[in-house]
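Each chain, letter by letter, is given below.
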Amino acid sequence: MVMCVIHAGDALGRGTLEEQEQLDASFGRQNHTHKILIAGNHDWCFERREPNQ
């Protein structure tokens with residue numbers, strides 16, 4: 001049986017790199033064969049530039 005976890009959008013509160021590291025650690029602890037993360041509009045650290053603030 002293939003196990004999969006999917007998180008679709010807005011995984012982070014403010015989009016900081018620290019939050020991304022915590023998410024990475026959390027996903028790493030999941031006992032699933034496949035892990036899919038779809039970044040949302042608050043997940044700016046997955047983009048190449050910082051948001052306008």
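Whatever comes next refers back to the structure up there.
Being a predicted model, the structure only gives us computed values, none of them experimental.

J.: What should I look at first to understand the overall build of the protein in this one?
T.: Helix and strand counts for the protein stand at one helix and two strands. C-alpha extents for the protein along the principal axes are approximately 45 × 15 × 15 Å. In the protein, the share of contacts with a sequence separation of at least 24, taken over all contacts with a separation of at least 6, comes to 73%. As displayed, the protein has an accessible area near 4500 Å², and 47% of this comes from carbon and sulfur atoms. For the protein, the distance from the average site of its 5 positive side-chain charges to the average site of its 8 negative ones is 4 Å.

J.: Looking at this structure, I do not really get the pairing of strand β2 (residues 34–38). What am I missing?
T.: Here is the key point about a regular strand: its side chains alternate between the two faces of the sheet. One ladder, built from five bridges, connects strand β1 (residues 4–8) with β2; its direction is parallel. Considered in β2, the bridge of isoleucine 6 is made with isoleucine 36. Following the backbone out of β1, through helix α1 (residues 17–29) and into the adjacent parallel β2, one traces a crossover that is right-handed.

Criteria and thresholds
- Counting of residues starts from 1 at the beginning of each chain's written sequence and follows it residue by residue.
- Local features are withheld for residues below a pLDDT of 70 in this predicted model, meaning they are given only at 70 or higher, and side-chain atom pairs are given and counted only at 80 or more; totals for whole chains, interfaces and linings count all residues.
- With hydrogens and water excluded, all non-hydrogen atoms of the structure serve as input to the side-chain values.
- Numbering goes from the N terminus for both helices and strands, where a helix is a DSSP run of H or I of at least four residues and a strand is a run of E of at least two.
- What makes two residues a contact is simply this: any of their non-hydrogen atoms within 4.5 Å.
- The accessible surface values rely on the Shrake-Rupley method and a 1.4 Å probe; as for residues, cover is taken only from the protein chains in view.
- Within this scheme the basic residues Lys and Arg register as positive and the acidic residues Asp and Glu register as negative, but His and the chain ends are omitted.
- Taken as the charge centre is NZ of Lys, CZ of Arg, CG of Asp or CD of Glu, depending on the residue.
- Pairing between strands is defined by DSSP: at least two bridges between the two strands are required.
- Every crossover in which the path from the first strand over the helix to the second runs clockwise, viewed with the strands pointing away from the viewer, is termed right-handed.

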